[in-house]
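# What the coordinates show
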Amino acid sequence: MAVIEICDICKKQIHTSDGIIIKYSDMAGFGFNENDRPIRKERNHEARICNNCISKIKKCCRKKSIF
Ligand SMILES: [Zn+2]
């Protein structure tokens, strides 16, 4: 049985052995602190990126030298 996932950039179906999974987080979550006051909370995400998109990103980074 083939396990299929979706690339988070191009939205194509890819095999789980293709590409990488990146973990990232932002502070757009919402929660309450110990005094019941609303606070921003860290949210954790996982994204799968296929090999095709990885090579595109690498090309782009080399051109613009952002990283
Ligand atoms: Zn992709």
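Cut-off values and rules
Residues numbered from 1 in each chain as written. Predicted model: local features only at pLDDT ≥ 70, side-chain atom pairs only at ≥ 80, totals over all residues. Heavy atoms only, no water. Helix = DSSP H or I, 4+ residues; strand = E, 2+ residues; numbered from the N terminus. Buried < 20%, exposed > 50% of the residue type's maximum accessible area, 1.4 Å probe, protein only. Polar contact = N/O pair within 3.5 Å; in protein donor to acceptor, adjacent residues only side chain to side chain. Contact = heavy atoms within 4.5 Å. Pairing = 2+ DSSP bridges. Salt bridge = Lys/Arg side-chain N within 4 Å of Asp/Glu carboxyl O. Donors = N, O, S within 2.8 Å, 3.2 Å for Na, K, Ca; no water. Tetrahedral: all angles 85-135°; square planar, octahedral: opposite > 155°, others 65-115°. Phe/Tyr/Trp six-rings, centres within 6.5 Å; stacked < 30°, edge-to-face > 60°. Core = buried A, V, L, I, M, F, W, Y, C linked by side-chain atoms within 4.5 Å.

## Remarks on the side chain of arginine 48
By the element assignment, arginine 48 lies in strand 4 (residues 38-49). For arginine 48, a relative accessible area of 8% corresponds to the buried category. Within polar-contact distance, the side chain of arginine 48 engages the side chain of glutamate 5 at 2.5 Å. At a separation of 3.2 Å, a polar atom in the side chain of arginine 48 contacts the main-chain carbonyl oxygen of threonine 16. In this view, arginine 48 contacts Glu5, Ile6, Cys7, Asp8, Ile14, His15, Thr16, Asp18, Gly19, Ile20 and Ile21; residues no more than four positions away in its chain are not counted.

## Quick word on the pairing of strand 3 (residues 20-32)
Note: strand 3 against strand 4, 11 bridges, orientation antiparallel. Pairing of isoleucine 20 across the sheet is with isoleucine 49, part of strand 4. The hairpin formed by strand 3 and strand 4 contains five residues between the paired strands, and aspartate 36 there has a positive phi angle of roughly 60°.

## A word on the pattern of salt bridges
Considering all chains together, one arrives at three salt bridges under this definition. Where aspartate 26 meets arginine 43, a salt bridge forms, and the shortest distance between an N and an O atom there is 3.1 Å. Taken together, the residues span a long stretch of sequence, with aspartate 26 in strand 3 and arginine 43 in strand 4 at a distance of 17 residues.

## Some thoughts on the coordination of the zinc ion
Those donors, Cys7 (SG), Cys10 (SG), Cys50 (SG) and Cys53 (SG), are the protein atoms that reach the zinc ion, and they lie 2.3 Å from it. Relative to the metal, the four donor atoms surrounding the zinc ion lie at angles of 103 to 114°, and the coordination shape comes out tetrahedral.

## Observations concerning the packing of aromatic side chains
We describe a pair of aromatic rings using the distance from one ring centre to the other and the angle between the two ring planes. Inspection of the entire model under this criterion finds one aromatic pair. Pairing phenylalanine 30 with phenylalanine 32 gives two aromatic rings, centres 5.7 Å apart and planes at 75°, and the pair type is edge-to-face.

## Side note on the nonpolar core
Ranked by size, the top nonpolar core spans six residues in total: Cys7, Ile14, Ile49, Cys50, Cys53 and Ile54. Setting aside anything within four residues of it in sequence, one finds isoleucine 14 in contact with Val3, Ile4, Glu5, Ile6, Cys7, Arg48 and Cys50.

## Some points on unusual backbone geometry
A positive phi angle is found at lysine 11, which is not glycine, with a value near 65°. When you line up the elements, lysine 11 lands in the loop between strand 1 (4-6) and strand 2 (13-15). Of the residues examined, lysine 11 reaches a relative accessible area of 55% and is grouped as exposed. Although it is not a glycine, aspartate 36 adopts a positive phi angle of roughly 60°.

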